[in-house]
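Spelled out from the first residue to the last, the chains are:
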Amino acid sequence: MRSSQTDLVNVAEIVSLDAVALSRAIKSKQVSCVEVMNAYLDRIELLNPRVNAIVSLQPREHLLEQAKNRDAQLARGEVLGWMHGFPHAVKDLEPTRGIRTTMGSPLFKNFFPRDESILVERIRRAGAILIGKTNVPEFGLGSQTYNPVFGTTFNAYDQSKTCGGTSGGAAVALALRMIPVADGSDNGGSLRNPAAWNNVFGFRTSSGRVPSQFYEVFIPSISVHGPMARNVPDLAMFLSVIAGYDARTPLSIREDPAAFAGTLERDFKGARIGWVGDFGGQIPFDPGVLELCEGSLKVFEALGSKVETATLDYPLERVWQSWTALRGWQIAAEFRASFPDPAQRALMKPELQWEIENGLRLTAMEVAIASRARTAWYHAVREFFEKYDFMIAPAGQVFPFDANIHWPKEVGGVSMDTYHRWMQVMIPISMSGCPALSVPAGFNDRGLPMGVQIVGPNHAEMACMQLGHAYNQATNWVTKRPPTLSTERI
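Cut-off values and rules
Residues numbered from 1 in each chain as written. Predicted model: local features only at pLDDT ≥ 70, side-chain atom pairs only at ≥ 80, totals over all residues. Heavy atoms only, no water. Salt bridge = Lys/Arg side-chain N within 4 Å of Asp/Glu carboxyl O. Buried < 20%, exposed > 50% of the residue type's maximum accessible area, 1.4 Å probe, protein only. Helix = DSSP H or I, 4+ residues; strand = E, 2+ residues; numbered from the N terminus. Pairing = 2+ DSSP bridges. Axes fitted to C-alpha atoms, helices over the stretch in contact; angles between N-to-C directions. Parallel < 35°, antiparallel > 145°, perpendicular 65-115°, else oblique. Contact = heavy atoms within 4.5 Å. Nonpolar A, V, L, I, M, F, W, Y, C, P; charged D, E, K, R; others polar. Arc of directions from axis to C-beta. 1 Å grid on protein atoms, 1.4 Å probe; cavity = no way out; pocket = protein on both sides within 12 Å on 5 of 7 lines; lining within 4 Å. Points joined across faces, edges and corners; volume = space filled by probe spheres on them. pLDDT = per-residue confidence, 0-100.

1. Some points on the pattern of salt bridges
Phase 1 of the analysis: If you walk through the whole model with that rule in mind, you get 19 salt bridges.
Phase 2 of the analysis: The salt bridge partner of Arg-192 is Asp-186, with a shortest N-O separation of 2.9 Å. This pair shows no difference in class: Arg-192 is buried, exactly as Asp-186 is.
Phase 3 of the analysis: Overlapping salt bridges, with partners in common, bring together Asp-42, Glu-45 and Arg-60 in one network.

2. Some remarks on the environment of Ala-21
Phase 1 of the analysis: Tracing the backbone through its elements, the reader meets Ala-21 in helix H2 (residues 19-27).
Phase 2 of the analysis: When the C-alpha atoms of Ala-21 and Asp-234 are compared, they prove to be 9.1 Å apart, with 213 residues separating the residues in sequence.

3. Description of the sheet that holds strand S2 (residues 87-91)
Phase 1 of the analysis: Strands sit in the order S1-S3-S2 across an open sheet of 3 strands; the sheet is mixed. In this open sheet, the two edge strands, each paired with only one partner strand, are strand S1 (54-55) and S2.

4. Thoughts on the packing of helix H5 (residues 118-125) against helix H8 (residues 232-242)
Phase 1 of the analysis: It is the contact of H5 with H8, at a shortest axis distance of 8 Å, that shows an interaxial angle of 110°. One finds that H5 runs roughly perpendicular with respect to H8. Contacts between H5 and H8 pair Leu-119, Arg-122 and Ile-123 from the former with Phe-238, Val-241 and Ile-242 from the latter.
Phase 2 of the analysis: The residue inventory of the contact of H5 with H8, partitioned by class, reads 5 nonpolar, no polar and 1 charged.

5. Quick look at H2
Phase 1 of the analysis: For H2, the set of buried residues is Ala-19, Leu-22, Ser-23, Ala-25 and Ile-26. With its buried residues spanning 165° around the axis, H2 presents them on a single face.
Phase 2 of the analysis: If you follow the buried residues of H2, they end up packed against helix H3 (33-51), helix H4 (60-75) and H8.
Phase 3 of the analysis: Positive backbone phi, approximately 65°, marks Lys-29, located one or two places after H2.

6. Re the layout of surface pockets
Phase 1 of the analysis: Approximately 610 Å³ is the volume attributed to the second largest pocket.
Phase 2 of the analysis: If you trace the second largest pocket, you find 31 residues lining it, with Ser-207, Pro-220, Ser-221, Leu-251 and Arg-374 closest to the centre.
Phase 3 of the analysis: Elements with a minimum of two residues in the lining of the second largest pocket: helix H11 (316-335), helix H14 (364-387) and helix H15 (427-432).
Phase 4 of the analysis: Class assignment of the residues belonging to the lining of the second largest pocket gives a composition of 14 nonpolar, 15 polar and 2 charged.

7. Some points on the confidence of the model for the chain
The predicted coordinates ought not to be read in detail in places where the model reports low pLDDT.
Phase 1 of the analysis: The pLDDT averaged across the chain works out to 95; a share of 97% of its residues lies at or above 70.
Phase 2 of the analysis: This model gives residues 1-9 a pLDDT under 50, and the stretch forms 18 contacts once residues within four places in sequence are excluded.

8. Side note on empty space enclosed by the protein
Phase 1 of the analysis: Taken as a whole and judged by the stated rule, the model has 1 cavity of 30 Å³ or more.
Phase 2 of the analysis: For the largest cavity, the calculated volume is near 50 Å³.
Phase 3 of the analysis: Surrounding the largest cavity, Leu-141, Gly-142, Ser-143, Gln-144, Tyr-146, Lys-349, Glu-351, His-406, Trp-407 and Tyr-419 form its lining.
Phase 4 of the analysis: When its residues are assigned to classes, the lining of the largest cavity shows 4 nonpolar, 4 polar and 2 charged.

See the structure below:
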């Protein structure tokens, strides 16, 4: 352990600070940016070999030089932002200038972007120091984090199990306190599922809340970016950093993101909550998942909310089919140039080839029909929120499974017909465009975590976080049940 001239005398004390407290400690000079950087790098050195969450880690001497510069800025009275001096690892689907961005694919294993995304620009501008990347599934496909470049990322609670994905490395690094907060993205559950499976918070935001530079800016992608954190105040502060309008994405939301730094306290007496469960028997679950998630409903009732089982008058299979069509179309549009080359195609995982092939078969009319089905589903959800203030849904259909299995072939006795059907409970929320906050719901008898989704109307991020904050104050799962690995000291 390196010597410290502060009251925070060891690594465990520094990394145990929540992000809001860490930001305050840095700005008040209770702890230096160099000490923070050393503490987190020591933590990574100890725990990352066990879980493989952070990849492309930058040299310590290079990172410490940047930390010294942050301390010098503080000495001059210059504070870049809320993340001043934070060590931060960016999801490896996001381009980062000067830091390798592989997307978990051999096609990009030596790719160093010249430019970086709006998300990364904002994180840097807020004062963070990029220490590396967080691991992802190859090309971000599938909610299981493994790839041929870096290998598998393991669950923070059980290193024989998957951590979920695609923000799997982010969730594990966050749960084990190797980074203060984490960024992620979500198409079919990639922020929500790994959060649920690693006992942290993951927030799928409304379309346009966080500017996302995908390949088409006028047709909204199903994918969105969002924050991950160990508590809701940290999550809200990070969202205030990454949200907000950018002219490069004309459909991004113009609301001032500073609003998310406001109070999270709110009275939920009389709030109307609809529990959708298995959507009227339309989605299968493994034993124990629904029961555990239903247990969380008592917490919402204790907060004064009125909770009842709810249904939506729309066939979920139509939502699923429209999602697979739009997803395949967008993926094919992104990768079609490489697909005809046999050498490059051979480097693509089978699931990517399947998506591209499906996308290339679609006609323009089929895409239009799928988009209209998405619109009809949005209106069904909008009408749901005329009756209810929030929707609560499970954040998974299975508990974390063996990390050697690519994806479950069966859920609740029902065979899965695609590599992502086992995540179907996430898709109705994705297709609605509404914000969904994954919050911890507890553990099964094998000590494996699960979560539930707090879903709000379009653009109701603040309301979701306020309910999530009240729920977390009542449950306190993150601090009550830390991963065994996280209690190891340097």
